[in-house]
Each structure stands twice: as structure tokens, then as C-alpha cells.
Amino acid sequence: MNKIIGILGMQGAIAEHQEILIQIPHIKTRIVKTAKDLDCIDELILPGGESTAIGKLLDYFSLKEILQQKIISGLPVFGTCAGLILLAKNIENETNTHLATMDITVKRNGYGSQLDSFSTNLLIPTIDKNMPIPLVFIRAPYITKTDKDVQILATLDNKIIAARQKNMLVTAFHPELTNDLRFHQYFLSMI
Ligand SMILES: NC(=O)CC[C@H](N)C(=O)O
């Protein structure tokens, strides 16, 4: 049976996730803009973009509380970059949070202005024991603190850049901007 993967369609790298997912068999995608869309999906991707803008749009479209409830009830979510920020319970130097379902503290634009964007390769054994994964960072955040039931999946220069807590997966980088399907496949294998 086909699984339906929602992609939050407020702002950001929406089409890029869709292009990755259509390469994976037995997957259909649905752009999520309303609470009704949420009822039809098995899993949800929160794409990268601008977390403040996406957060405001979640409020504007009355999606925030219902999405929080779905995530707390077990909907698998994959937040990339701004999506990671949306899921964080704490954002350094800010009082504002968004969905705030994951026990992590995040530093926005953590790599500073000189290194706004860069790419590298890293072996991430939970995803693939043998082959490094290409990582693309764009004005990326990183995780500065995790609670005990958060599994750290990858660090780069002592900064946490990928983590999982139960049904929530986050990366500071953008797997959808590479041609590598392995992070999406890991996400789809989580349920
Ligand atoms: N590529 C991204 O998603 C960047 C995230 C952005 N810096 C933010 O704070 O929302």
C-alpha cells in the first residue's frame, strides 16, 4: 500500500523534498496547508526555509495547535533546518518557540555569517555504516542541548547536527538539496 507523506507547504524547500520522495517506491506526497490535509497523511516533512515566517504562517492558517497534538500523538515528522527550529522546545536568545515538541535547544544561524552556506561529507553510522552522506548547510542552526531521551545521530566539529526523539527526526542540513535518498529512507523506516 502507498504511504502518503505530507510536506508542510507554508514556505521554503517544498518542491525539493517532493522531488526526492517521488524517487522512492510506494510513496505519494501531499502538500499540507490546512488541518484537513493533515488527516490524510502518514508522515510529515517540515522543510527548511525561514522558521519565523513558517511559524507565523502556522498561526495564520490555524495549524499550530492541531499539528502539535498530532506530533505528540505520534505522527512521524522530519524537520530539516528551519523544520528543526520549529520542533525545538528552546531557541537560544529567543523567548519565542513554535511547535516546541522536541527536547532540544537550538542555536539559529549557528554557523555565523562567514560560513552561511557550506557542504561536506560525513559518515553517519545510524543511517549507513559504510558510505559517507553529503551534507548541505544553508544559514544552518545546530543543537546545543538535548534531553536524555534524544538520540544524537551526528555531530560535526562538536556541534549536534542530526538527532531523533521517538517519532521526531531533525537535521540541521538539507538532505533534499542532494541526490541522496538515505535520510528520507531512514525517516520512512521509522514507523
Ligand atoms: N536553510 C534554513 O532552513 C535556514 C533556517 C533559518 N536560518 C532560520 O532561522 O529559520
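Small disclaimer: the values here were computed from a predicted structure and weren't measured. Every chain is numbered on its own, with residues counted from 1 as its sequence reads. Per-residue local features are limited, in this predicted model, to residues with pLDDT of at least 70; the limit for side-chain atom pairs, both in listing and counting, is 80 or more; totals at the level of whole chains, interfaces and linings are taken over all residues. Side-chain descriptors were evaluated using all non-hydrogen atoms of the structure, hydrogens and water having been removed beforehand.

## Regarding the site of the ligand
Okay, so step 1: With respect to spatial proximity, the complete set of residues near the ligand consists of Gly48, Gly49, Glu50, Ser51, Cys81, Ala82, Ile85, Arg108, Asn109, Ile138, Arg139 and His174.
Okay, so step 2: Within the side chain of Arg108, an N or O atom sits 2.7 Å from an oxygen atom of the ligand.
Okay, so step 3: Contacts to the ligand include Ile138, whose backbone N or O atom sits 2.9 Å from a nitrogen atom.
Okay, so step 4: Throughout, the Shrake-Rupley method with a 1.4 Å probe supplies accessible areas, and for residues the shown protein chains are the sole cover considered. The protein chains hide 94% of the 300 Å² of surface that the ligand would expose on its own.
Okay, so step 5: Here the term cavity refers to a set of points on a 1 Å grid, laid over the protein atoms alone, in which a 1.4 Å probe fits but cannot get out; the term pocket refers to an open set having protein on both sides within 12 Å along at least five of seven lines, with lining residues being those that place an atom within 4 Å of a point. Assignment of a molecule to a cavity or pocket requires that more than half of its atoms lie within 2 Å of the corresponding grid points. If you map the ligand onto the pockets, it falls in the largest pocket.
Okay, so step 6: Gly falls in the polar group here, along with every residue not listed as nonpolar (Ala, Val, Leu, Ile, Met, Phe, Trp, Tyr, Cys, Pro) or charged (Asp, Glu, Lys, Arg). Tallied by class, the residues present in the shell around the ligand amount to four nonpolar, five polar and three charged. It suffices for a single heavy atom of a residue to lie within 4 Å of a molecule or strand for the residue to be listed as near it. Any pair of nitrogen or oxygen atoms within 3.5 Å is treated as a polar contact; in protein, a donor-acceptor pairing is required on top of that, and neighbouring residues in sequence qualify only through side-chain atoms on both sides.

## Quick notes on the packing of aromatic side chains
Okay, so step 1: Pairing of aromatic side chains requires ring centres within 6.5 Å, counting the rings of Phe and Tyr and the six-membered ring of Trp. Pairs whose planes differ by under 30 degrees are stacked, by over 60 edge-to-face, and all others tilted. On inspection of all chains with the given rule, the structure shows nine aromatic pairs.
Okay, so step 2: Arranged with centres 6.3 Å apart and planes meeting at 20°, the rings of Phe78 and Phe183 form a pair that is stacked. One end of the pair, Phe78, is in strand 4 (residues 77-80); the other, Phe183, is in helix 6 (residues 182-188), and 105 residues separate them in sequence. Taken individually, Phe78 and Phe183 each receive the classification buried, so the pair is uniform in this respect.
Okay, so step 3: By the ring-pair criterion, three or more aromatic residues cluster together here, those being Phe78, Tyr111, Phe118, Phe137, Tyr142, Phe173, Phe183 and Phe187.
Okay, so step 4: Here, a charge over a ring means that NZ of Lys or CZ of Arg falls within 6 Å of the ring centre while also lying within 35 degrees of the ring normal. Cation over ring: Lys159 sits above Tyr142, and NZ or CZ is 5.2 Å from the ring centre. The way it works is that DSSP assigns letters per residue, a run of H or I at least four long becomes a helix, a run of E at least two long becomes a strand, and they are numbered from the N terminus. Remark: exposure states derive from per-residue accessible area (1.4 Å probe, protein chains only) relative to the maximum for the residue type, with buried under 20%, exposed over 50%, and partly exposed in between.

## Thoughts on helix 1 (residues 14-21)
Okay, so step 1: Looking at helix 1, one finds that the buried residues are Ile14, His17, Ile20 and Leu21. Buried residues along helix 1 cover an arc of 130° about the axis, so they all sit on one side. This arc is built from the directions going out from the helix axis to the C-beta atoms.

## A closer look at the pattern of salt bridges
Okay, so step 1: Salt bridges are defined by distance alone: a side-chain nitrogen of Lys or Arg within 4 Å of a carboxyl oxygen of Asp or Glu. A complete count under the given rule lists eight salt bridges for this structure.
Okay, so step 2: Note that Lys3 and Glu43 form a salt bridge whose closest N and O atoms lie 3.0 Å from each other. Separated by 40 residues along the polypeptide, Lys3 in strand 1 (residues 3-8) and Glu43 in strand 3 (residues 43-46) bring together distant segments of the chain.
Okay, so step 3: A relative accessible area of 0% means that Glu43 is categorised as buried.
Okay, so step 4: In this structure, the salt-bridge partner of Asp37 is Arg30, at a minimum N-O distance of 3.1 Å.
Okay, so step 5: On the basis of relative accessible area, Asp37 is assigned to the buried category, the value being 11%.
Okay, so step 6: Judged by its relative accessible area of 33%, Arg30 is partly exposed.
Okay, so step 7: Via salt bridges that share partners, Glu50, Glu94 and Arg108 belong to a single interconnected network.

## Looking at the pairing of strand 11 (residues 159-165)
Okay, so step 1: Counting buried residues in strand 11 gives six out of seven residues, a clear majority hidden from the surface.
Okay, so step 2: By definition, two strands form a pair when at least two bridges between them are found by DSSP. Here strand 10 (residues 151-156) runs beside strand 11; their pairing, made up of five bridges, is antiparallel. Its bridge partner being in strand 11, Leu156 is matched across the sheet by Lys159.
Okay, so step 3: Between strand 10 and strand 11, which pair antiparallel one after the other, the connecting turn spans two residues, and Asp157 there sits at a positive phi close to 50°.
Okay, so step 4: What sits between the antiparallel neighbours strand 11 and strand 12 (residues 168-171) is a turn of two residues, in which Lys166 has the positive phi angle 45°.

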